[in-house]
Amino acid sequence: MIIVEGLPGSGKSTTAQMIADELRRKGKTVVCVDEGDANHPADYADYDFPDFEAERTAIYTKWRAFVDQADADTIYVFNCVLLQNPMCETMMRFDMDADASQTYIAGMADIIKPLNPIIVYIDEPDVRTTIDRVLDERGDGWLNAVIDYHVGQAYGKHHNLQGYDGYIACLKERKRRELAMLPFLGLDWYSVSQDMSVQEFASLFTSVAWSLPAPEQMESALRHSTKSFVVRHNGNAVATMNWLGDYGMHWFMKECIVNPAYQGQLIGTLLYRFSKNFIISTMRDTWKTCVDLRSAPGTEPFYSSLGFAVMSGPDTGYGMETMLEHPPSQ
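Keep in mind that this is a model prediction, so the values were computed, not measured. The written sequence of each chain sets the order in which its residues are numbered from 1. It should be noted that, the model being predicted, local features are given only for residues of pLDDT at least 70 and side-chain atom pairs only at 80 or more, the latter also being counted only at that level, while totals for whole chains, interfaces and linings use all residues. Derived side-chain values reflect all non-hydrogen atoms in the structure, with water molecules and hydrogen atoms excluded from consideration.

**Q** Tell me about the packing of aromatic side chains, and please be specific about residues and values.
**A** Here the aromatic set is Phe, Tyr and Trp, taking the six-membered ring for Trp, and pairing holds for ring centres within 6.5 Å; pairs whose planes are under 30 degrees apart are stacked, those over 60 apart are edge-to-face, and all others are tilted. Inspection of every chain in the model, using the stated rule, returns 21 aromatic pairs. With a centroid separation of 6.5 Å and 45 degrees between ring planes, the pair formed by Tyr 164 and Tyr 167 is classed as tilted. Residue Tyr 164 and its partner Tyr 167 are both found in helix H7 (residues 163-181); the two are separated by three residues, about one turn of the helix. Considering the side-chain rings of Phe 201 and Phe 205, the 5.0 Å spacing of their centres and the 90 degrees angle between planes classify their relative orientation as edge-to-face. Of this pair, Phe 201 and Phe 205 both sit in helix H8 (residues 198-207), four residues apart, which is roughly one turn of that helix. Under the scheme used here, helices are H or I runs from DSSP no shorter than 4 residues and strands are E runs no shorter than 2 residues, and both carry numbers assigned from the N terminus.

**Q** Describe the environment of Ala 237, with residues and values.
**A** Note that Ala 237 resides in strand S7 (residues 236-245). Setting aside chain neighbours within four positions, we find Ala 237 in contact with Glu 200, Leu 204, Val 230, Val 231 and Arg 232. Throughout, a contact is declared for two residues whenever any of their heavy atoms are within 4.5 Å.

**Q** Describe the side chain of Gln 84, and please don't skip the residues or the numbers.
**A** Relative to the elements of secondary structure, Gln 84 occurs in helix H3 (residues 84-93). Three labels apply to residues, based on accessible area from a 1.4 Å probe with only protein chains included: buried if under 20% of the type maximum, exposed if over 50%, partly exposed otherwise in between. Gln 84 sits in the buried class, given a relative accessible area of 9%. Sequence-distant contacts of Gln 84, that is, excluding residues within four places in its chain, are made with Glu 5, Gly 6, Leu 7, Pro 8, Lys 12, Glu 35, Arg 174 and Glu 178.

**Q** How would you summarise the pairing of strand S3 (residues 74-79) if you had to cite specific residues and measurements?
**A** Most of S3 is tucked away, with five of its six residues classed as buried. Sheet topology note: the strand S1 (residues 2-6)/S3 ladder contains three bridges and is parallel. From the neighbouring strand, Ile 3 faces S3, where its bridge partner is Phe 78. Two strands pair under a simple rule: DSSP has to find at least two bridges between them. Looking at chain direction, strand S2 (residues 29-33) and S3 are connected through five bridges and run parallel. From the neighbouring strand, Thr 29 faces S3, where its bridge partner is Thr 74.

**Q** An account of helix H2 (residues 52-69) is requested, with residue identities and associated values reported.
**A** A helix is expected to span 1.5 Å for every residue after the first. If you check H2, its first and last C-alpha atoms are 26 Å apart, about what 18 residues at 1.5 Å a residue would give, namely 26 Å. What H2 keeps buried is the set Phe 52, Glu 55, Ala 58, Ile 59, Tyr 60, Trp 63, Phe 66 and Val 67. At the N-terminal boundary of H2, the capping side chain belongs to Asp 51, with an oxygen 3.3 Å from the backbone nitrogen of Glu 53. We define a polar contact as two N or O atoms separated by no more than 3.5 Å, with the added condition that, inside protein, one atom must be a possible hydrogen donor and the other a possible acceptor, whereas residues neighbouring each other in sequence contribute only through side-chain atom pairs.

**Q** Provide a residue-level description of the pairing of strand S5 (residues 188-193), including the pertinent values.
**A** Among the six residues in S5, five count as buried, and that is most of the element. Both strand S4 (residues 118-122) and S5 contribute to a ladder of five bridges, which runs parallel. Within S5, the position partnered with Ile 118 by the bridge is Asp 188. The pairing of S5 with strand S6 (residues 227-233) spans four bridges and is classified as antiparallel. Of the residues in S6, the one forming a bridge with Ser 193 is Val 230.

**Q** Summarise helix H1 (residues 12-25); cite the residues concerned and give the values.
**A** Here H1 is 14 residues long and its end C-alpha atoms lie 20 Å apart, about the 20 Å a rise of 1.5 Å per residue gives. Considered for burial, the residues of H1 that qualify are Lys 12, Thr 15, Ala 16, Met 18, Ile 19, Ala 20, Glu 22 and Leu 23. In this structure, the buried residues of H1 make contact with S1, S2, S3, H3, S4 and helix H10 (267-281). Immediately downstream of H1, the backbone of Gly 27 shows phi near 85 degrees, a positive value.

**Q** Give me the lowdown on the pattern of salt bridges, citing residues and values where you can.
**A** Take a side-chain nitrogen of Lys or Arg and a carboxyl oxygen of Asp or Glu: if they are within 4 Å of each other, that pair is a salt bridge. Applying the stated criterion to the full structure yields 18 salt bridges. For Arg 133, the salt bridge identified is with Glu 124, shortest N-O distance 3.7 Å. A residue is classified by how much of its surface remains accessible, and Glu 124, at 15% relative accessible area, is buried. Asp 165 is paired through a salt bridge with Arg 128; the nearest N and O atoms lie 2.9 Å apart. Residue Asp 165 is located in helix H7, and its partner Arg 128 is located in helix H5 (residues 127-151); the two are separated by 37 residues in the primary sequence.

**Q** Pulling in residues and values, what's your account of unusual backbone geometry?
**A** Residue Ala 209 is not a glycine yet carries a positive backbone phi of 60 degrees. Despite not being glycine, Leu 266 shows a phi value in the positive range, around 75 degrees. For Leu 266, the position within the fold is in the loop between strand S8 (250-258) and H10.

**Q** I'd like a description of the sheet that holds S7, backed by residues and values.
**A** Across the sheet, which stays open at both edges, the nine strands sit in the order S2-S3-S1-S4-S5-S6-S7-S8-S9 with mixed pairing between neighbours. Looking along the sheet, the strands with just one partner apiece sit at the ends: S2 and strand S9 (290-293). Pairwise comparison of adjacent strand axes, ignoring direction, gives a mean angle of 20 degrees for this sheet. Against the sheet, H10 engages S4, S5, S6, S7, S8 and S9, with an angle of about 35 degrees to S7. Axis lines are fitted through C-alpha atoms, for helices just across the contact stretch, and the angle between N-to-C directions can take any value from 0 to 180 degrees.

**Q** Please give an account of the nonpolar core that cites residues and values.
**A** Counting residues in hydrophobic clusters, the biggest one holds 50 residues, and the most contacted among them are Met 1, Trp 63, Phe 66, Phe 78, Leu 82, Ile 105 and Leu 185. Those elements that provide at least two residues to this core are H2, S3, H3, helix H4 (98-112), S4, H5 and H7. Residues in contact with Ile 105, not counting those within four places in the same chain, are Leu 82, Leu 83, Pro 86, Met 87, Met 181 and Leu 185. Formed by 35 residues, the second largest nonpolar core is a distinct cluster that contains Ile 2, Trp 251, Met 253 and Phe 278. Nonpolar core, defined: a set of buried Ala, Val, Leu, Ile, Met, Phe, Trp, Tyr and Cys residues in which side-chain atoms within 4.5 Å join the residues together.

Remember that the coordinates give geometry; whether it matters functionally is a separate question.
Encoded structure:
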């Protein structure tokens, strides 16, 4: 089972469907169910429980029933069911502290362990920017409902939160609590983030035996990248994809590094899908933009599977490069 988590607007539903589609292309049997589905096999569309004890009993019972009947040859892809929905209830509705929420969620984690679950957490760097980005798409009705849910219940009232700013404050604290509890649930988890350190960058270079630039050079390269994604497994960086782009006509993939121990597990593919969705989000209707890369020898089939075409000299001209070197100081 794969469960995609993250804040509203981070792309959970899109990512869950993307994972399901990639697994199906590999011949896997996949059941992908979005949050709120009235026929969800492991969750409820309506959380109108009278109190927390009734909710916990109902949720645990449904999870146990799902685990008992789950098909061993099927991969189940869900979103929101382990962190978002339980955190919205325990934190926002019932104003439970972080330890109490973690205890409740850890109980669910124990129930689903026979299904070898993997958590994929989409860690957007800025909460307000993430929500601002989806406001037009989701409309005033959605916004008013989520604001009322977050600031009008126990947690919001306890902390005197109001309006849009109060909603953002709730999400910031929820994200902090979720990321803090992930290492303590006893489950395999991956995060997709945008905050790679120089040390992590260097470790990925080393993992694929690339020559290691000076730390200052790597820091500058990261700081001036247009967009960077890093995948961590249980908190350790295992892959990155870094981009330069003009937000108009051209994007260039600077580095795509997947630690050899994690290659062949769809991580590079999903990093590119994330990147592609981001690039498309920057484009206007009818725009076309060129995406370029230089593949390492032997990786051409991987990039071809993503839709890239090998440039041939007679048809497109040869890709060319030169290396510049700063003269040594006197």
